[in-house]
Amino acid sequence: MNLLEVNGISKTYGAGETAVHALKNVRFSVPKGEFVAVVGESGSGGQQQRVAIGRALFTRPSLILADEPTGNLDSQNSSEVIALLKEASKKYEQTIIMITHSRSIAQTADRILQVSDGELTDLGRCRE
């Protein structure tokens, strides 16, 4: 069962010849309890989107959006934050969407999505 369905997210900075298409009609889904890392350049945002989030009947959140959760941390604290996110995903079946610029941090997720030149590519599952 997908907890998150994203359909048609686009983001353009500027107009005309200088327009930069940060996101081009991005679509993806995330099943309940999956830990997904989104890797890409700074400045990717969304407009003209449709995002559907499944409802949860729990008191804890069913979806955690983590934007650069380890960005300003040392390696020990980064490891602890990632361990907490992984535990939330596995133990409590919380769905995690983590934005990061770090490939090594992204490798800790279940699956990696990459944004490059406005296109989203599913790089697949990470090795356990």
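Within each chain, residues carry numbers counting from 1 in the order of the written sequence. Totals for whole chains, interfaces and linings use all residues, but because this is a predicted model, local features are given only for residues with pLDDT of at least 70 and pairs of side-chain atoms are given and counted only at 80 or more. Here the side-chain values reflect all heavy atoms present in the structure, with hydrogen atoms and water set aside.

## Here we look at the overall build of the chain
- Put simply, DSSP marks the helices as runs of H or I at least four residues long and the strands as runs of E at least two long, and each gets a number from the N terminus on. Regarding its fold elements, the chain presents 2 helices and 8 strands.
- Each residue is placed in one exposure class: buried if its accessible area under a 1.4 Å probe, protein chains only, is under 20% of its type's maximum, exposed if it is over 50%, and partly exposed if it falls in between. Within the chain, the fraction of its 128 residues that count as buried is 35%.
- Contacts are residue-level and defined by heavy atoms, with any inter-residue pair within 4.5 Å sufficient. Contacts in the chain between residues far apart in sequence, at least 24 positions, make up 65% of those at least 6 positions apart.
- Total accessible area computed for the chain in this model is approximately 8000 Å², and 49% of it derives from carbon and sulfur atoms. Only the protein chains shown count as cover for residues, and all accessible areas are computed by the Shrake-Rupley method using a 1.4 Å probe.

## With respect to the environment of Gly40
- Structurally, Gly40 is set in strand S3 (residues 35-40).
- Sequence separation between Gly40 and Thr100 is 60 residues; the distance between their C-alpha atoms is 7.3 Å.
- Excluding residues that lie within four positions of it along the chain, Gly40 makes contacts with Thr100, His101 and Val115.

## Overview of the pairing of S3
- In terms of burial, S3 is a largely internal element, 6 of the 6 residues being buried.
- Examined bridge by bridge, S3 and strand S6 (residues 95-100) share 5 bridges and lie parallel to one another. Note that in S6 the partner of Phe35 across the bridge is Ile96.
- Here the rule is simple: two strands pair whenever DSSP picks up at least two bridges between them. Note: S3 against strand S7 (residues 111-116), 5 bridges, orientation parallel. From the neighbouring strand, Val39 faces S7, where its bridge partner is Gln114.

## Quick notes on helix H1 (residues 75-92)
- Helix length check: H1 (18 residues) gives 25 Å between terminal C-alpha atoms against 26 Å at 1.5 Å per residue, within 8%.
- Among all positions in H1, only Ser78, Ile82, Leu85, Ala88 and Ser89 are buried. Take H1 and look down its axis: the buried residues cluster within an arc of 115 degrees, on one side only. Away from the buried face of H1 by more than 90 degrees, exposed residues Gln76, Leu84 and Lys91 are located.
- In this structure, the buried side of H1 is in contact with S3, strand S5 (63-67), S6 and helix H2 (103-106).
- Here a polar contact means two N or O atoms within 3.5 Å. Within protein one must be a hydrogen donor candidate and the other an acceptor candidate, and residues neighboring in sequence count only if both atoms are side-chain atoms. Measuring from the backbone nitrogen of Gln76 back to the side-chain oxygen at the start of H1 gives 3.3 Å, which picks out Asp74 as the cap.
- In the segment just after H1, Glu93 is the residue with positive phi, at about 55 degrees. One less than the number of residues in a helix, times 1.5 Å, gives the span that helix is expected to have. Think of the arc as the fan of directions from the helix axis to the C-beta atoms.

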